[in-house]
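# Topology and contacts: notes
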Amino acid sequence: MSNVKQYTEVLDKLHFENMYDNDFFLTWEKTPEELQAVFAVADALRHLRENNISTRVFDSGLGISLFRDNSTRTRFSFASACNLLGLEVQDLEEGKSQIAHGETVRETANMISFMADVIGIRDDMYIGKGNTYMREVSRSVRTGHADGVLEQSPTLVNLQCDIDHPTQTMADALHLIHEFGGIENLRGKKIAMTWAYSPSYGKPLSVPQGVIALMTRLGMNVTLAHPEGYEVMDDVIEVAKKNAEEQGCTFTITNSMEEAFRDADVVYPKSWAPYVAMEKRTELYGNGDFYGIKELEKQLLAQNAEHKDWECTEDMMRLTKNGSALYLHCLPADITDVSCEAGEVAASVFDRYRDPLYKQASYKPYIIAAMIFLAKVKNPQKTLLAMEEAAAPRWKRD
Amino acid sequence: MSNVKQYTEVLDKLHFENMYDNDFFLTWEKTPEELQAVFAVADALRHLRENNISTRVFDSGLGISLFRDNSTRTRFSFASACNLLGLEVQDLEEGKSQIAHGETVRETANMISFMADVIGIRDDMYIGKGNTYMREVSRSVRTGHADGVLEQSPTLVNLQCDIDHPTQTMADALHLIHEFGGIENLRGKKIAMTWAYSPSYGKPLSVPQGVIALMTRLGMNVTLAHPEGYEVMDDVIEVAKKNAEEQGCTFTITNSMEEAFRDADVVYPKSWAPYVAMEKRTELYGNGDFYGIKELEKQLLAQNAEHKDWECTEDMMRLTKNGSALYLHCLPADITDVSCEAGEVAASVFDRYRDPLYKQASYKPYIIAAMIFLAKVKNPQKTLLAMEEAAAPRWKRD
Amino acid sequence: MSNVKQYTEVLDKLHFENMYDNDFFLTWEKTPEELQAVFAVADALRHLRENNISTRVFDSGLGISLFRDNSTRTRFSFASACNLLGLEVQDLEEGKSQIAHGETVRETANMISFMADVIGIRDDMYIGKGNTYMREVSRSVRTGHADGVLEQSPTLVNLQCDIDHPTQTMADALHLIHEFGGIENLRGKKIAMTWAYSPSYGKPLSVPQGVIALMTRLGMNVTLAHPEGYEVMDDVIEVAKKNAEEQGCTFTITNSMEEAFRDADVVYPKSWAPYVAMEKRTELYGNGDFYGIKELEKQLLAQNAEHKDWECTEDMMRLTKNGSALYLHCLPADITDVSCEAGEVAASVFDRYRDPLYKQASYKPYIIAAMIFLAKVKNPQKTLLAMEEAAAPRWKRD
């Protein structure tokens, strides 16, 4: 028995009109009510699907994806979200396409968007580039729509950039909301966003940055921990500080993993590259200095190796609230003795949390679908209730 | 408020019965009324989509695409057209598939077509090959259908071959029809299809060939201009001459860009490779003579470089009718000081025409959809009116 | 005029309840009635499609495909089957994805399956690996579903493994059923599954293995013929022997192609690699011994070359029942003087059977669709009859 009213009644109390016909770049550009609307719609869509009710908003239309890195999870999450709403995914692969041949962003953006309702981009490799590129694509297609080139205006969804990873952190947050029994229960809980050792190099900063910016927003006491030299972007630190002040929670930075873990309700130990190193790499890359990049890589791996003790072990877990903090990871994790000799997390810890980790990931398709839904549907409550009323089966299984 | 009758009434006056269950290879194999039917259906489909009315003809079915070159625009146009009509695109990538392992065309064509309603092919690299290959694929699947192998008979759409680029030129023509306020207004207008300098090598001939063959068909006065040595296929020249005679318009060939631009209503300056060079390359390629190909490439780049003055500059534009001819390009263009040091067009000219250029491109998905529609729907007027009547929303936005 | 009752009445007499929410790994794990149910549903789906009746079971949902080899036919067959039932195909390409970066099977399987209704895998290269991998994927997603990670439980379809190729052999069998006018008419017919010479190396064993195991099951007298040294898996030999005993038919192994062809009703001459060589290759590959692999390849090609006389010539065909046995091949075949100098089959033989060969292949999409249908639809008869009753057109052609 479906009852989608529980979600539409939440939506009734929220203001989120500005999300219609809008993009999703950074969580901190959205109001708290807008973020809550995403959570409510994600839950509603999942609820309808679990009750075998079709949630198609589109009879036809394309969802364009552009991945500048390899990606399984985000690729499938985006494809799932588009499919759930009735959009067919069309990948823009730079290898295959002429985008590599010097086309301007504006032109390509329009050329692929004649029937695009949404564009999802992952571009997280170079500092100052990814988010900038997404905004340029968005501006281009909005201009195209205004000029009568595009019949509809595609919505841009940030599938990970150099600054934020909103579809990941919103899925993380929705997982926490379900684990702690409501968004209000996150308030005052301690989350440790900590660096952890990995034998690989150059992992993006978007997850730790996105986490500290979003979780302070939800009133959590956030501790960011990393070895010296692994600082994240200053701008995002400022966002987290400001959020903490506004929300009456705390935001702490420390160089001690122990301090972060102590009494934490939630831990998120994960490797990343130092911001300054990523900036340097961007510069080297810009100059085509591939020798320099190789040197930088060696140096970073050596730097990482000095901090092998930053591992989420059983001993570390014992420091947390009742020794049983919820362990988060965006996956895949570097698991000691499983995927590498020494990594981010001990195998026994990872194994114990496998189930909740998979559930954490399972929210991402719904979060993406909710972001698209709120950008494409003028009256989400009416539409969700109409879907429930119509009760068109997603799958004729009987 | 939709009123699709304006388009079906045009169709009522045209004969295009032979398009049903047929292919689209070359514009000059179609009657003028058949070409007009494509324009009318393309406009009708766009009109319906702009009024948020679903134009799905298919509940399921595949649109197969085979691109022998990199392609962004045509790939997305084909995907958009298929999606608009309800077909899912499935790419036949030669890298991925066993087609490279010596299979015969006939066999592969059938093996991929068990549920294919349309096959779109781009194969423009080698003289005498692309169009021939398409016809072989078409023959193969028609035989397969006749023999009971294929339940349905897939339609072949030429997405660019060595001879013609009908989805491009038909989109170009529909753009002109809209810019000049009706197909009848093209009659007697002067269009300059001219070569232009590009620092790149081996651009296909299908666009200039397709343009001179189609625009003479529509009664335009066509001037083809290029440096000596950049001749196009003789066969297509003959087609253009014959068309001009039949339509009472002119077809002129000149080695002067100025002469072509003078008093032109429309200019289409674009680089291409000499036909004889492309023939030679095909031969070298056939012999596996990669050294020869490299030598030819050098030679062609040197030959191009002698004609850097063939650029669509502001001075050139001033020669055109009232200094304000409509500038066309199939995109991407080589823009001087933007995408290259010296190219086909001055940045200021290109910038001024960016909007109409994007609009020109925007017709391609609808042209492809119209070609498929006319091959797949027995009574287009009835079907279009029924779509309007049903008014199933493409996108439940409210 | 459609009458799907002819198929549902067959289904009424069969027990196949265990196929619901189940996988398809090996034909010999299914009961004879379950195999018959697949044939009946495949025919029913084809019948409905030929009568232009939509057979969509899904309004949205994904079909995930994972191909560890190049593949045109199976790729398109799977895509066609999914599309026929309303699922969108999403390829998991290991090159593109992070699966290559050391993720565990369990994790990836869940991460791609949040909205997957079916997963099709082809993994036939390494002995002891392919089938094992598929079962691991299936176990992973079933656990994921049980643990609340996945809302639905994806069905796994074996698109070819190291042991069996059930979608191929079931399509082969359905072809025979139609050629011989009923499944009961296969009983007592002689089929020769014989090795044939190919200039290529390392062809999988799954087809001969699958054929001897399935055709004995259907009561055919099966002769497996190959040169000494080209033995197939012992386990499957045992399956075929046991089937023959149970069905009262014969299963014979010989080193004489002539003996196999003599009086055969059906011949299936096809190259494969020796099982022991494939085992060795798997070991070499496991050790990363690429030099060893190269050596093995040379050795196998030399071994093959000793048996160039194993060719399906006109003389060989004259040995068969009335000189006109039905010739089968899974395609593509190595055709002497066409695709190679000396191959599996003479060009004149192949040409004469081109039509039936293409028809043989045409059953595969329907077999795959039927496997999915029986795993996803609780009451197939009711659903098929309801589809006929609704008569929603697949294609609005009129």
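The structure this text deals with has already been given above.
The following refers to the structure shown.

About the criteria used
Residues numbered from 1 in each chain as written. Chains lettered and ligands numbered in written order. Predicted model: local features only at pLDDT ≥ 70, side-chain atom pairs only at ≥ 80, totals over all residues. Heavy atoms only, no water. Helix = DSSP H or I, 4+ residues; strand = E, 2+ residues; numbered from the N terminus. Pairing = 2+ DSSP bridges. Axes fitted to C-alpha atoms, helices over the stretch in contact; angles between N-to-C directions. Contact = heavy atoms within 4.5 Å. Buried area = accessible area lost by both parts, 1.4 Å probe. Salt bridge = Lys/Arg side-chain N within 4 Å of Asp/Glu carboxyl O. Polar contact = N/O pair within 3.5 Å; in protein donor to acceptor, adjacent residues only side chain to side chain. Nonpolar A, V, L, I, M, F, W, Y, C, P; charged D, E, K, R; others polar. Least-squares fit on C-alpha atoms with pLDDT ≥ 70 in both. Buried < 20%, exposed > 50% of the residue type's maximum accessible area, 1.4 Å probe, protein only.

Looking at where B:Gly288 falls in the secondary structure, it is placed in the loop between α10 (275–286) and α11 (290–305). Along the chain, B:Gly288 and B:Ile367 lie 79 residues apart, while their C-alpha atoms are 37 Å from each other.

Taken together, the 4 strands give an open sheet; going across it, the order is β2-β1-β3-β4 (chain B), and neighbouring strands pair in parallel fashion. The strands lining the two open edges of the sheet, one partner per strand, are β2 (88–91) and β4 (155–161) of chain B. Averaged over all adjacent pairs, the angle separating strand axes in this sheet is 20°, with direction ignored. In terms of strand pairing, strand β1 (residues 62–67) of chain B meets β2(B) through 4 bridges, oriented parallel. From the neighbouring strand, B:Leu62 faces β2(B), where its bridge partner is B:Glu88. Most of the contacts of helix α3 (residues 73–85) of chain C go to β2(B), to which it runs at about 170°, and overall it touches β1 and β2 of chain B.

Moving on, we get to the interface of chain C and chain A. Tallying the contact residues gives 42 residues for chain C and 39 residues for chain A. For the chain C and chain A pair, buried surface summed over both sides reaches about 3800 Å², with 50% attributable to carbon and sulfur atoms. Taken together, the links from chain C to chain A amount to 4 salt bridges. Between A:Arg73 and C:Glu107 there is a salt bridge whose closest N-O contact spans 3.1 Å. At the junction of chain C with chain A, the criterion picks out 18 residue pairs in polar contact (both at pLDDT 80 or more). Secondary structure elements with two or more residues in the side of chain C that touches chain A: β1 (62–67), β2 (88–91), α4 (105–111) and α16 (380–390) of chain C. When residues of the side of chain C that touches chain A are assigned to their parent elements, the largest contribution, 5 residues, is made by α4(C). Class assignment for the residues of the side of chain C that touches chain A results in 13 nonpolar, 15 polar and 14 charged.

Laying chain C over chain A is done by rotating through 120° and shifting 0.0 Å along the axis; what remains is an RMSD of 0.0 Å. Such a combination of rotation and displacement between the chain copies is what one expects of a three-fold axis. Taking the C-alpha atom as reference, chain C places C:Glu88 closest to the rotation axis, 4.5 Å from it. Counting the interface residues of chain C, we find that no more than 7% of their copies in chain A are interface residues as well, pointing to two distinct contact surfaces.

You can see C:Arg354 is positioned in helix α14 (residues 354–362). Judged by relative accessible area, C:Arg354 falls into the buried class, the value being 13%. Setting aside its immediate chain neighbours within four residues, C:Arg354 contacts B:Thr104 and B:Arg106.

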